[in-house]
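Here is how the chains run, residue by residue.
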Amino acid sequence: MALRSENFKMVGKLGVITLGMFAFGYALVPIYNAICEATGINILSLSDRQIPGATSKAAANTQVDTTRTITVEFDVNSRGPWHFKPAVRSLQVHPGELTTVMYEFQNTQNRTMAAQAIPSYAPKQAMAHFNKLECFCFTQYTLQAGEKKEWPVAFVIDPRLPKDVTTITLSYTFFEVGGKVPAAPADVAVQVAPPVTVKALGAV
């Protein structure tokens, strides 16, 4: 009987502790908000309320260096049975500014192809400061015969780019992965040279 009574007491204590933990967790959010509002910490939690001096526009990126302008040129190596080109040939950007440019691609073959692009930079020192956030060169693609695609490249130029670099050329080489050499056109005849007879030296 005494053991049973002790068990009931233990269950009661555990129940009280559980209710206390639930109540504390429920009250934690309003307590946290009240503290943050009183101290001014984590003011982003007030986004649903009007903050004095705030505007509806997103905060500007303070890391953008508006005192510098970099010319970014876009180039492609389009050799192959496809059309591949950037939507624009060049852009003027500020270091630290997020920029997006589109590339257009079409598989002009009558078969499916798997392909991927490899980027290169000029001058080479710009490579360490050209940060791509999104790029079709990250992935290998499969395109059906005649299929067209538009792919974005989103990039930011690091403000620590050397001051003497004012122009960056981003070039892409597009190549087919595991592709077969296209067959020769059917209407082209193969010319076979006639056999050549060689006489041995000293023969009569």
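Located above this text is the structure these notes cover.
Residues numbered from 1 in each chain as written. Predicted model: local features only at pLDDT ≥ 70, side-chain atom pairs only at ≥ 80, totals over all residues. Heavy atoms only, no water.

Q: So, the pairing of strand S9 (residues 167–176): which residues are in play, and what are the values?
A: Relative to S9, strand S1 (residues 70–77) runs parallel, the two being bridged by seven bridges. By the bridge assignment, Val76 is partnered in S9 with Tyr172. Pairing geometry for strand S5 (residues 113–122) and S9, over eight bridges, is antiparallel. Residue pairing in the sheet places Ala117 in a bridge with Phe174 of S9. (Pairing = 2+ DSSP bridges. Helix = DSSP H or I, 4+ residues; strand = E, 2+ residues; numbered from the N terminus.)

Q: With reference to specific residues and values, describe the nonpolar core.
A: Within the largest apolar cluster, 30 residues are counted, with the highest numbers of intra-cluster contacts made by Phe84, Tyr103, Phe136, Ile157, Tyr172 and Phe174. Every element with two or more residues in this core is listed here: S1, strand S2 (82–86), strand S4 (99–107), S5, strand S8 (148–157) and S9. Excluding residues within four positions of it along the chain, Phe174 makes contact with Asn77, Arg79, Trp82, Phe84, Phe105, Ala115, Gln116, Ala117, Phe136 and Trp151. (Core = buried A, V, L, I, M, F, W, Y, C linked by side-chain atoms within 4.5 Å. Buried < 20%, exposed > 50% of the residue type's maximum accessible area, 1.4 Å probe, protein only. Contact = heavy atoms within 4.5 Å.)

Q: Outline unusual backbone geometry, listing residues and values.
A: Cis geometry marks the peptide bond from Ala122 to Pro123, where omega comes out at -5 degrees. In this fold, Pro123 is placed in the loop between S5 and strand S6 (130–134).

Q: Lay out the environment of Leu98 with the relevant residues and their values.
A: Mapped onto the elements, Leu98 comes out in the loop between strand S3 (90–93) and S4. It is 9.6 Å that separates the C-alpha atoms of Leu98 and Lys132, two residues lying 34 residues apart in sequence. Apart from residues no more than four positions distant in its own chain, Leu98 is found in contact with Leu133, Ala154, Phe155 and Val156.

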